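This is what each chain is made of:
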Amino acid sequence: IIPTFKEADFLISVRGSSMNPKYNSGDIVACKRLNLDTFFQWNKVYVLDTDQGALIKRVCEGADDEHILIVSDNERYKPFQLHRNEIHSLAVVLGVIRLE
């Protein structure tokens, strides 16, 4: 139990370098589940469950109402459009726990 994250529904480990420097591989993020029909707060970080697995990414406005733009904090990873129908579940990142 982590008092700061009492509203969190789950914790998940970050893998990879696409969200460096804000989130590093091995960090643990606290997440709160949201309904799929919720509105996105542009430029916030979300965990998206997709056909390709869980993505921890920044979400921005897409090319149209059916898409969102998925953005990594690490500039080596290019942004891409994701159709909203490809999202199976959704959670907003509340915070991070960094291990030494």
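Here the structure is shown first, and the text comes after it.
Reading the values: the criteria
Residues numbered from 1 in each chain as written. Predicted model: local features only at pLDDT ≥ 70, side-chain atom pairs only at ≥ 80, totals over all residues. Heavy atoms only, no water. Disulfide = S-S within 2.5 Å. Buried < 20%, exposed > 50% of the residue type's maximum accessible area, 1.4 Å probe, protein only. Helix = DSSP H or I, 4+ residues; strand = E, 2+ residues; numbered from the N terminus. Contact = heavy atoms within 4.5 Å. Pairing = 2+ DSSP bridges. Phe/Tyr/Trp six-rings, centres within 6.5 Å; stacked < 30°, edge-to-face > 60°. Lys NZ or Arg CZ within 6 Å of the ring centre and 35° of its normal.

Caption draft 1: Local environment of the state of the cysteines. Using the criterion set out here, one finds zero disulfides in the structure. Unpaired in terms of disulfides, cysteine 31 finds its nearest cysteine sulfur in cysteine 60, a separation of 18 Å. What makes cysteine 31 buried here is its relative accessible area of 0%.

Caption draft 2: Looking closely at the environment of arginine 98. Relative to the assigned elements, arginine 98 resides in the segment after strand S7 (87–97). Judged by relative accessible area, which is 42%, arginine 98 ranks as partly exposed. Once the C-alpha coordinates of arginine 98 and serine 13 are considered, the two residues, 85 residues apart in sequence, prove to be 10 Å apart. The residues touching arginine 98, leaving out its near neighbours within four places in the chain, are Pro21, Lys22, Tyr23, Asn24 and Asp27.

Caption draft 3: Here's a closer look at the pairing of strand S4 (residues 53–61). Note: strand S3 (residues 44–50) against S4, seven bridges, orientation antiparallel. Bridge pairing in S4 places leucine 48 opposite leucine 55. In this structure, the hairpin formed by S3 and S4 is closed by a connection of two residues. Relative to strand S5 (residues 67–71), S4 is paired through four bridges, and the arrangement is antiparallel. Following the sheet pairing, arginine 58 is matched in S5 by valine 71. Count of turn residues in the S4/S5 antiparallel hairpin: five residues.

Caption draft 4: Region of the structure containing the pairing of S5. Examined bridge by bridge, S5 and strand S6 (residues 80–83) share four bridges and lie antiparallel to one another. Paired with isoleucine 70 across the strands is phenylalanine 80, a residue of S6.

Caption draft 5: Molecular detail of the packing of aromatic side chains. One pass over the structure, following the stated rule, counts two aromatic pairs. Taken together, a centroid distance of 6.1 Å and an interplanar angle of 15 degrees make the contact between phenylalanine 40 and tryptophan 42 stacked. A relative accessible area of 8% means that phenylalanine 40 is categorised as buried. Among the aromatic residues, those joined into a ring-pair cluster are Phe40, Trp42 and Tyr46. Sitting above the plane of the tyrosine 77 ring, lysine 57 keeps its charged end 5.7 Å from the centroid.

Caption draft 6: The environment of tyrosine 23, seen in detail. Secondary-structure assignment places tyrosine 23 in the loop between strand S1 (10–13) and strand S2 (28–34). Overall, the relative accessible area of 6% leaves tyrosine 23 in the buried class. C-alpha separation for the pair tyrosine 23 and glutamate 75, spaced 52 residues apart in sequence, amounts to 13 Å.

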